[in-house]
Structures are given as structure tokens and as C-alpha cells.
Amino acid sequence: MEARRVRLALQHRIVAILAAAFLPCLGGASHRTKNFVVEASTPEIAKTIAEHAEVCRVSIARAWLGQELPAWPAPCPIKVNLTRGEAGGLTSFGFNRGKVTDQSMTVEGRLDRVLASAIPHEVTHTVFAAYFGGPMPRWADEGASLLSEDQRERNRHDQIVAELLARRGDLPLSRLFRIEEYPSDLMGFYGQGYSISRFLIEMGGRPRFLKFVKDGLNHSWDVSTRTHYGLADVRELDRAWRSWHKVAANDASRDTLVIRAQSGGADEEKVRR
Ligand SMILES: [Zn+2]
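Residues numbered from 1 in each chain as written. Predicted model: local features only at pLDDT ≥ 70, side-chain atom pairs only at ≥ 80, totals over all residues.

Draft legend 1. Structural view of the sheet that holds strand β2 (residues 36–40). The mixed open sheet is built from 5 strands, whose spatial order is β1-β2-β3-β5-β4. Only two strands of the sheet have a single neighbouring strand rather than two, namely β1 (29–32) and β4 (88–96). Strand-to-strand twist in this sheet, taken as the mean axis angle between neighbours without regard to direction, amounts to 15°. As judged from the 4 bridges shared by β1 and β2, these two strands associate in the antiparallel manner. Its bridge partner lying in β2, Ala29 is registered against Ala40. Sitting on the sheet, helix α3 (residues 111–132) is in contact with β3 (76–82), β4 and β5 (99–109), with an inclination near 165° to β5. (Pairing = 2+ DSSP bridges. Helix = DSSP H or I, 4+ residues; strand = E, 2+ residues; numbered from the N terminus. Axes fitted to C-alpha atoms, helices over the stretch in contact; angles between N-to-C directions. Contact = placed C-beta atoms within 7 Å.)

Draft legend 2. Inspection of helix α7 (residues 186–204) at higher detail. With 19 residues, α7 should cover 27 Å at 1.5 Å per step; its first-to-last C-alpha distance of 27 Å lies within 8% of that length. By the burial criterion, the buried members of α7 are Phe189, Tyr190, Gly191, Gln192, Gly193, Tyr194, Ser195, Ile196, Ser197, Arg198, Phe199 and Leu200. Of the residues trailing α7, Gly205 is marked for its positive phi of about 85°. (Expected span 1.5 Å × (residues − 1). Buried ≥ 20, exposed ≤ 12 C-beta atoms within 10 Å, placed from the backbone.)

Draft legend 3. Highlighting unusual backbone geometry. The phi dihedral of Arg97 is positive, around 50°, even though this residue is not glycine. Relative to the elements of secondary structure, Arg97 occurs in the loop between β4 and β5. Even without being glycine, Arg168 reaches a positive phi, approximately 55°. One can find Arg168 in the loop between α5 (151–166) and α6 (173–176).

Draft legend 4. Seen up close, the confidence of the model for the protein chain. Scored by pLDDT, the protein chain comes out at a mean of 85, with 81% of its residues at no less than 70. Segment residues 1–26: pLDDT under 50, and 3 contacts once partners within four positions in sequence are set aside and those in other chains are kept. In the model, residues 254–272 has pLDDT below 50 throughout and makes 24 contacts with residues more than four positions away in sequence or in other chains. (pLDDT = per-residue confidence, 0-100.)

Laid out in C-alpha cells, this is it:
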């Protein structure tokens, strides 16, 4: 009995020592940059992600708006949950009188996937939120944010939309443009939104795309289609996108097949904004 008690006491001491050594990890670490404050499991990871988010914020705002965003009055919190899985994320916004009043972000997945995919995607939402000052139509918000992700994710979504069209699961654009809530076929919805965003941006660039979405949302999608792309209406845009997709999908399908074979678990999907 005596020996057992000693061993237990020793075990307790070892547990206490280990807990003291790893408490900083368990409690998490935080790193603050000008526009982000990141909570992650270690200071190094928090710093890596915060600095990467700042770089993305500059390059993504320049690409879409032609200029950097002004510094935010308060840093955007990012909570990081590293896993062994694919990247996922979520950004929530509060708006008031055409301005973002608060925003916060969570990201998860393997560190390399978080850096290549989740952070650029979520930071793009913050750039759009600043531009729109209110909720952007879902198809455009998600579809265009996917364009900031790495080639692997973009190829995967080319493949998703090819499969969506093959099984006739796509929506007419006149309907897609008006969807306010995420539909049950989330992957198809992301894929179609991504493909249409890519098509419009290849036709006219990023700033024109944002003007098109803003005018479509506030006035009329038909008029906005005519004004910004010279097509008669949304039905004609729908036809043009489908013709373009046949060519684009053929170009992308071979690369995507290779990527799928390498990654195995790439069918996982997370709800993001
Ligand atoms: Zn998203």
C-alpha cells in the first residue's frame, strides 16, 4: 500500500510538472498586429497567421478595390483551431448604416491549408464587407472569396461545378442571384457561385464584378448585366456562362483529377462566409 501511495504521489507530481510545462499551449497564445489579433495554440502559430492575414489584407484589397483598406478601428479577432483536416472558416459581421461595426473570424484545418486557403478566403469576405457596407449576395460573396484560395481549391471547385452541371443540379442565374440563405446543396452552390464569379472576372476584371453585384443587388440584375457586360439580360448571361464553362471545364479537368488522387480526402466541405 505504501509503495503504491508513493508511486501515486510521484505520478501526481509528474502530472503537475507536465501541466506547468504545457499550460501555455493549453491556454493558447495570442499575437496582435495592426488589424488582427490571433488566438492559436502557440505564439509562433499566432504570429505566422496574423502576419499572413495582414499580407492577404493588402494584396486582396488592392486586387478588388485598387487600393488598400484603411486601418480598422479595432483588430479583427481570429480564432485558430489546427486539425489534421482540410481548411474551413467562418467570418461574422455586424453592420450599421452602411459600415462594418464588428467582425470576427474562426479558421481551422492543417496549418498549410489554413494559410493557403482559409485565411485568404476569410480575409476576402472582410474586403467585400468593407466595400458593400452590408451583406453581399451569397453566391458572389462565397464564389468570389473562393477565387482567393490556392490553385488546388480552385481546381476542386471547377470539378464540383462540372459535376453539378452534368447532373443538372445547377440553378438558373436569375434564381441563384436572389438566394439569401445557404441552400441544402452547399457544395453545388459554392461551385456554381465560384464558376460564375470566375467567368465574370475573366470578362471584365474584379472591380467591374463588384460594381455589377452592387447594382444588381440595389437595382436590377438585368440592367446591371447590360450596363457592365453588354449582355441583354440575366438569361443571356446564363447562356454565355454555360458556353464558357464547357471550354473552361475541359481545360481544368485533367489537373483536378491529379490533385484528387493525391489528396484523397478533398471532398470535405465546411460552411464558410
Ligand atoms: Zn466564405
